[in-house]
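If you want the building blocks of each chain, they are given just below.
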Amino acid sequence: MTTGGFPSTKELLERVAEESDAAADLVEGAEIKKEFEGTVRLTVTTQLTASESISTKTFSGSEYRSKRQSSVPYESRYAHAPSDFDDKTVSFVESVPVSTCTKCDGKKKHDCPTCNGTGTERCETCNGSKTVDCSACGGEGNESCSTCGGSATVTVGEESQCTQCEGSMKIDCPDCGGADDDCPTCDGDGRVSCPRCDGDGIETTTHKEPCPDCVDGTEDCSACGGTGEESCSDCGGTGTQTCSNCNGNKQVTCRRCGGDGETAKARYGSVTFERQQSLSTDNPDVPTGMFRGSDGTLVDETRTDSETEASDSPSTYRKRVEKRDVPAKSVLYRFRGKRFVVTNIDDEVRFDDYPRSEDHYRDQIKKARNNGKFDYGRPRSVTVTVGDLLKDASVLAGGVVAGIVATFVAAIVVLILSALLPLGSATEDILGLGGGAVLLLFVALAIDRYDSPDSDAFYPETFRGHRLLLPGIALVAAVGAVVASGLNEQTQVMVLAAASAFWGGRVGLRVTVEGERVDYALRKREAFLQDLSGDRGELAELGLSELLPDSSPAPNGDELRRVGRAVYVLCWGVSVYLLGVLVSGSLLGVSLLEYTGFTLAVGIPVAAIVLATVALGLIGVRKVLTDL
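Residues numbered from 1 in each chain as written. Predicted model: local features only at pLDDT ≥ 70, side-chain atom pairs only at ≥ 80, totals over all residues. Heavy atoms only, no water.

A. Molecular detail of the overall build of the protein chain. The helix and strand inventory of the protein chain stands at 13 helices and 21 strands. The 628 residues of the protein chain split such that 38% are buried. In the protein chain, of all internal contacts separated by at least 6 residues, the share reaching a separation of at least 24 is 80%. Looking at the protein chain as shown, the accessible area adds up to about 34,100 Å², and 50% of this sits on carbon and sulfur atoms. (Helix = DSSP H or I, 4+ residues; strand = E, 2+ residues; numbered from the N terminus. Buried < 20%, exposed > 50% of the residue type's maximum accessible area, 1.4 Å probe, protein only. Contact = heavy atoms within 4.5 Å. Areas by Shrake-Rupley, 256 points an atom, 1.4 Å probe, with all protein chains shown as cover.)

As structure tokens, this is what we get:
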């Protein structure tokens, strides 16, 4: 039913429901807060602004003629303004005569500015000096003396009578002294050749004298004659080279006229005309944004065509103010705690917002979940999974070995101290156990920092739980070995300690990653609400917020990370420390069980296993609380 020519309020709400995915109970559930029916005086102000962009340039003759063909004259640029209130850009160029280029006097070319029309320029290698440093002596002008080799001295020899044989060239036989006719050394001759002068009777002695051909061991360079220079090979000793700008042509194309021989210096640019429109009404009950400039009936119009030229900033070139009477109906209603408006203007139903249906929000949430928006992880192949299992085995084993080594090092240190210092056995025990524990704590913290996840990275293998598979299998196998086999007590404790280390270390990381997953889901929840098509208040009103990740998870990410790190250090660290003490004791011939007994020793890894398992249960408890 209509009133005063307007649709009824119910009909308007029904139109909203028909033309959108509005809430199904909109018509029945809308709470009408305010209604208006009548004529609204609409003021439509339309302006045409003008802004100029202008520059000055020296054009070549051909460029200027081309510009004139594509532009209007600068003097009449506003004569080409739009006749009404339309957007338009007018390009212009000033009308000036084309004249002979003053740079080249119309010759289209001029002397090269680089070489001043000579076609050559200074050689870059010798800088115009025609010579360069001698390549043989490096510009020094000298080289080592060929007579003395650079030593500035020569060796001189003198001959004299041999002092051993006194010039006779022979000496008495050193074996028989000349008394044995059968001597094999002198063949019975009684004398042999003098070894000092080699039988010459003359010996040569040497001494150093100044070189007769030089003073300081050098002489003039044989290549440059001592000048230290040689002719430049790049320019042939001329000191010049072909001009790099004109290639030896002596002239270049005139840049000012571009080789036209003519130029024109003129102003050029554009005038931009832009239409702007604003609306206002005399009735705040009907939102101004619902109106259009053509609505209703024109009752008055005022137009001002100043058409003044623009300055540096946009100016009003033309203005029109219209008064229009518009029949309008406006309904302000409340739905799910939020206010909305629907109007009927010029017999047209208009609205810019409306209460979304429950399906509208459910579809968005479903799409986000199907696309994995809140999931902390990525799909993985079987190959990657197997590879990660092998990687886990090496990382876990490496951590355990590092802990054992740390404990063994501490034990060796205690042995050294006990040998150097007068320590009692109790003090040695305290130092050994305490020192190993402290050292292992640092190792555990270091590995925890290295192996903890980055909040910006994905750890899908941990999230999906397979990284618990390997230590879980090891734990079950260890318990089975202890129960079913005939291992001695120390070996049983070692097996349980190794399994406890594997289990505690991986559970600690698993709980830590769960903290990262919780925070990741919170960030993605907020991002989803920011991009939501609709209102987050409506989402909460419909109870659909429960379909999103929990906004206040318990325990939260920080709490889970703290628990994870505590489990890693306490369970992994204590178990590896115990294992290290047992291994070190076996190597050093000492058994820990002699001090603690089997029950206390085996209780340590069992307690670590229980603590890690309880911590892992936090994840399950959190999921159960989330689902309640």
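B. Focus on unusual backbone geometry. For Lys-108, which is not glycine, the phi torsion reads 75° and is therefore positive. Phi is positive for Met-169, which is not a glycine, with a value near 75°. Relative to the helices and strands, Met-169 is located in the loop between β9 (153–161) and β10 (170–172). We classify Met-169 as partly exposed; its relative accessible area is 39%.

C. Region of the structure containing helix α1 (residues 9–19). Restricting attention to buried positions, one finds in α1 the residues Thr-9, Leu-12, Leu-13 and Val-16. Seen from one end, α1 has its buried residues packed into an arc of 95°, which puts them on one side. The outward face of α1, more than 90 degrees from its buried face, is lined by the exposed residues Lys-10 and Glu-18. Elements in contact with the buried residues of α1: α2 (26–29), β1 (31–60), β19 (315–335), β20 (338–345) and β21 (348–350). (Arc of directions from axis to C-beta.)

D. Examining the pattern of salt bridges more closely. As enumerated under the stated definition, the model contains 31 salt bridges in all. With a closest N to O distance of 2.7 Å, Arg-561 and Asp-519 form a salt bridge. On the criterion of sequence distance, the pair formed by Arg-561 in helix α11 (residues 557–588) and Asp-519 in helix α9 (residues 489–530) is long-range, its members being 42 residues apart. Of the two residues, Arg-561 and Asp-519, neither departs from the other in class, the shared state being buried. Salt bridges here are not isolated pairs; linked through shared partners, they connect Asp-84, Arg-303, Asp-305, Arg-318, Arg-320, Glu-322 and Arg-324. (Salt bridge = Lys/Arg side-chain N within 4 Å of Asp/Glu carboxyl O.)

E. Local environment of the side chain of Asn-283. Here Asn-283 shows up in the loop between β17 (262–281) and β18 (297–304). Given a relative accessible area of 11%, Asn-283 falls into the buried group. Excluding anything up to four places from it in sequence, Asn-283 contacts Phe-36 and Val-40.

F. A look at the confidence of the model for the protein chain. Overall, the prediction assigns the protein chain a mean pLDDT of 81, with 79% of residues at 70 or greater. The least confident element of the protein chain is helix α7 (residues 460–463), whose mean pLDDT is 40; the most confident is strand β3 (residues 88–93), at 96. (pLDDT = per-residue confidence, 0-100.)

G. Broad picture of the nonpolar core. In terms of nonpolar packing, the biggest core is built from 14 residues, with Val-16, Leu-26, Ala-30, Tyr-333, Phe-335 and Val-342 touching the most fellow members. For this core, the elements supplying multiple residues, two or more each, are α1, β19 and β20. (Core = buried A, V, L, I, M, F, W, Y, C linked by side-chain atoms within 4.5 Å.)

H. Expanded view of the environment of Asp-21. Within the element layout of this structure, Asp-21 appears in the loop between α1 and α2. With near-sequence residues (within four places) excluded, Asp-21 lies in contact with Tyr-354, Pro-355, Arg-356, Ser-357 and His-360. Of the polar contacts made by the side chain of Asp-21, one reaches the side chain of Tyr-354; its length is 2.6 Å. (Polar contact = N/O pair within 3.5 Å; in protein donor to acceptor, adjacent residues only side chain to side chain.)

I. Focus on the packing of aromatic side chains. Going through the model one piece at a time under the given rule, you end up with 9 aromatic pairs. Residues Phe-59 and Tyr-64 carry aromatic rings whose centres are separated by 6.1 Å and whose planes lie at 50° to one another, so their mutual orientation is tilted. Side by side, Phe-59 and Tyr-64 carry an identical accessibility label, which is buried. On the basis of an interplanar angle of 25° and a centroid distance of 5.7 Å, the ring pair of Tyr-333 and Phe-340 is categorised as stacked. The exposure class assigned to Tyr-333 is buried, which follows from its relative accessible area of 0%. Grouped by ring-pair contacts, the aromatic residues Phe-59, Tyr-64 and Tyr-268 constitute a single cluster. The side chain of Arg-77 reaches across the aromatic face of Tyr-74, ending 4.0 Å from its centre. Positioned above the aromatic ring of Phe-92, the side-chain terminus of Arg-77 is 5.5 Å from the ring centre. (Phe/Tyr/Trp six-rings, centres within 6.5 Å; stacked < 30°, edge-to-face > 60°. Lys NZ or Arg CZ within 6 Å of the ring centre and 35° of its normal.)

J. How the structure looks around a nonpolar patch on the surface. Side chains of Val-606, Val-610 and Val-614 sit close together on the surface and give an oily, nonpolar patch of about 240 Å² of accessible area. You can see Val-606 is positioned in helix α13 (residues 598–627). Classification of Val-606 by relative accessible area gives partly exposed; the value is 38%. (Patch = residues over 30% accessible without salt bridge, like charges linked within 9 Å, V, L, I, M, F, W, Y side chains within 5 Å.)

K. Main features of the state of the cysteines. All told, the structure shown has 0 disulfides when counted by the stated rule. Left unpaired, Cys-101 is separated from the closest cysteine sulfur, that of Cys-254, by 3.7 Å. Looking at Cys-101, the relative accessible area reads 1%, which means it is buried. Of the cysteine sulfurs around Cys-115, a residue in no disulfide, the closest is that of Cys-246, at 3.7 Å. (Disulfide = S-S within 2.5 Å.)

L. Representation of the pairing of β1 within the structure. Summarising the sheet, β1 and β19 pair through 19 bridges and their orientation is antiparallel. In the sheet register, Lys-34 faces β19, and the bridge partner there is Leu-332. (Pairing = 2+ DSSP bridges.)

M. Quick peek at a negative patch on the surface. A grouping of Glu-14, Glu-18, Asp-25 and Glu-28 is seen on the molecular surface, where their side chains present a negatively charged patch. Structurally, Asp-25 can be placed in the loop between α1 and α2. (Lys, Arg positive; Asp, Glu negative; His and termini not counted. Charge placed at Lys NZ, Arg CZ, Asp CG, Glu CD.)

N. Spatial organisation of the environment of Ser-306. As for its placement among the helices and strands, Ser-306 is situated in the loop between β18 and β19. Residue classification places Ser-306 among the partly exposed positions, given a relative accessible area of 37%. In the structure, Ser-306 is positioned 13 residues away from Lys-319 in sequence and 8.2 Å away in space, judged by C-alpha atoms. Those residues in contact with Ser-306 that lie beyond four places of it in its chain are Thr-316 and Tyr-317. Polar contacts involving the side chain of Ser-306 include one to the main-chain carbonyl oxygen of Thr-316, which spans 3.2 Å. There is a polar contact of 3.4 Å between the side chain of Ser-306 and the backbone oxygen of Tyr-317.

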